[in-house]
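An overview of the molecular structure
Below, each chain spelled out in residue letters.
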Amino acid sequence: MSGVFDNSFAGTDIVAGIDVPVIKGNTITFAHYIFGELQTISYSIHRPAAPVRALGFSGPKGFTRGSRLIAGSLVFTVFDRHIVYRILEQYQKAFPSRVFTDEMPPFHVTVVFNNEYGVRSALRIYGICVVDEGQVMSVNDMYTEQTMTYVARDMVPMHPDLLFKAGAC
């Protein structure tokens, strides 16, 4: 029996994958990592609008739009090490000093949704650059969180057809 709520998803229906560029020989390819530790992902799209004014009119005649900005946050559960150590290890081989998350090359995130009714969907965020990073730990918290804010180059909003396009997941 299918109902109107078959197409909704809970947080437990989500799996996130991160694609990080790596150099193999003379080619840049992507290494794919599944992150079960990703507990929250958010995005926001901002595009400023400015009024177009005409002499003799108090209200705007229209609006002009500025450039689009896609930004958001990633929140990971931390177990015994910084959340991206397995990714950063590849870069630490190339650089003798520490490499921080904000020094990583732009990466992509694919979020796949799959509920108990077999309904699937996905969204994809391209060219993520981490701009802020922090860790939250407290005697009042049951677990430690790694928080990151980012800006992104582009995104494909959540849609079932995204799963079937080449290179989507």
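In this text, all values refer to a predicted model and were calculated from it rather than measured experimentally.

1. Description of the nonpolar core
- Within the largest apolar cluster, 27 residues are counted, with the highest numbers of intra-cluster contacts made by Ile18, Phe35, Phe76, Ile87 and Phe107.
- In this structure, Phe107 is in contact with Ile18, Asp19, Val20, Pro21, Leu74, Ile125, Tyr126, Gly127, Ile128 and Val130, ignoring residues within four places of it in sequence.

2. Let's talk about the side chain of Thr77
- Relative to the helices and strands, Thr77 resides in strand E6 (residues 69-78).
- With sequence-adjacent residues up to four places away left out, Thr77 is seen in contact with Glu37, Gln39, Ile83, Tyr143 and Thr144.

3. Looking at the pairing of strand E9 (residues 144-152)
- Sheet analysis places E6 next to E9, joined by nine bridges and oriented antiparallel. Looking across to E9, one finds that Ser73 is bridged to Thr149.

4. Some remarks on the packing of aromatic side chains
- Evaluation of the coordinates by the stated rule reveals two aromatic pairs.
- Both rings, one in Phe9 and one in Phe113, keep their centres 5.3 Å apart while their planes meet at 45°; by these two values the pair is tilted. Placement of the pair is Phe9 in the segment before strand E1 (14-24) and Phe113 in strand E7 (residues 107-114), with a sequence separation of 104 residues.
- Residue classification places Phe9 among the partly exposed residues on the basis of a relative accessible area of 24%.
- Judged by its relative accessible area of 8%, Phe113 is buried.
- Ring geometry for Phe35 and Phe76: centres 5.6 Å apart, planes at 65°, overall edge-to-face. Of the two residues, Phe35 sits in strand E2 (residues 27-35) while Phe76 sits in strand E6, which places them 41 residues apart along the sequence.
- The ring of Phe57 carries the charged tip of Lys61 above its face, separated from the ring centre by 3.6 Å.

5. A word on a negative patch on the surface
- Residues Asp102, Glu103, Asp132 and Glu133 make up a contiguous surface patch of negative charge.
- Turning to its location among the elements, Glu133 is positioned in strand E8 (residues 120-136).
- Exposure remark for Glu133: the relative accessible area of 35% places this residue in the partly exposed category.

6. A look at the pattern of salt bridges
- One pass over the full model with this rule turns up one salt bridge.
- Among the salt bridges present, the one from Asp19 reaches Arg124, with a minimum N-O distance of 3.1 Å. Of this pair, Asp19 sits in strand E1 while Arg124 sits in strand E8, placing them 105 residues apart in sequence.
- The exposure class of Asp19 is buried, given its relative accessible area of 8%.
- The class for Arg124 is buried, based on a relative accessible area of 5%.

7. Here we look at the environment of Pro160
- Looking at where Pro160 falls in the secondary structure, it is placed in the segment after strand E10 (154-159).
- Note: C-alpha distance between Pro160 and Phe113 (47 residues apart in sequence) is 9.0 Å.
- Each residue touching Pro160, except ones within four places of it in the same chain, is listed here: Arg120 and Ser121.

What counts, and where the lines are drawn
- Residues numbered from 1 in each chain as written.
- Predicted model: local features only at pLDDT ≥ 70, side-chain atom pairs only at ≥ 80, totals over all residues.
- Heavy atoms only, no water.
- Core = buried A, V, L, I, M, F, W, Y, C linked by side-chain atoms within 4.5 Å.
- Buried < 20%, exposed > 50% of the residue type's maximum accessible area, 1.4 Å probe, protein only.
- Contact = heavy atoms within 4.5 Å.
- Helix = DSSP H or I, 4+ residues; strand = E, 2+ residues; numbered from the N terminus.
- Pairing = 2+ DSSP bridges.
- Phe/Tyr/Trp six-rings, centres within 6.5 Å; stacked < 30°, edge-to-face > 60°.
- Lys NZ or Arg CZ within 6 Å of the ring centre and 35° of its normal.
- Patch = residues over 30% accessible without salt bridge, like charges linked within 9 Å, V, L, I, M, F, W, Y side chains within 5 Å.
- Areas by Shrake-Rupley, 256 points an atom, 1.4 Å probe, with all protein chains shown as cover.
- Salt bridge = Lys/Arg side-chain N within 4 Å of Asp/Glu carboxyl O.
- Lys, Arg positive; Asp, Glu negative; His and termini not counted.
- Charge placed at Lys NZ, Arg CZ, Asp CG, Glu CD.

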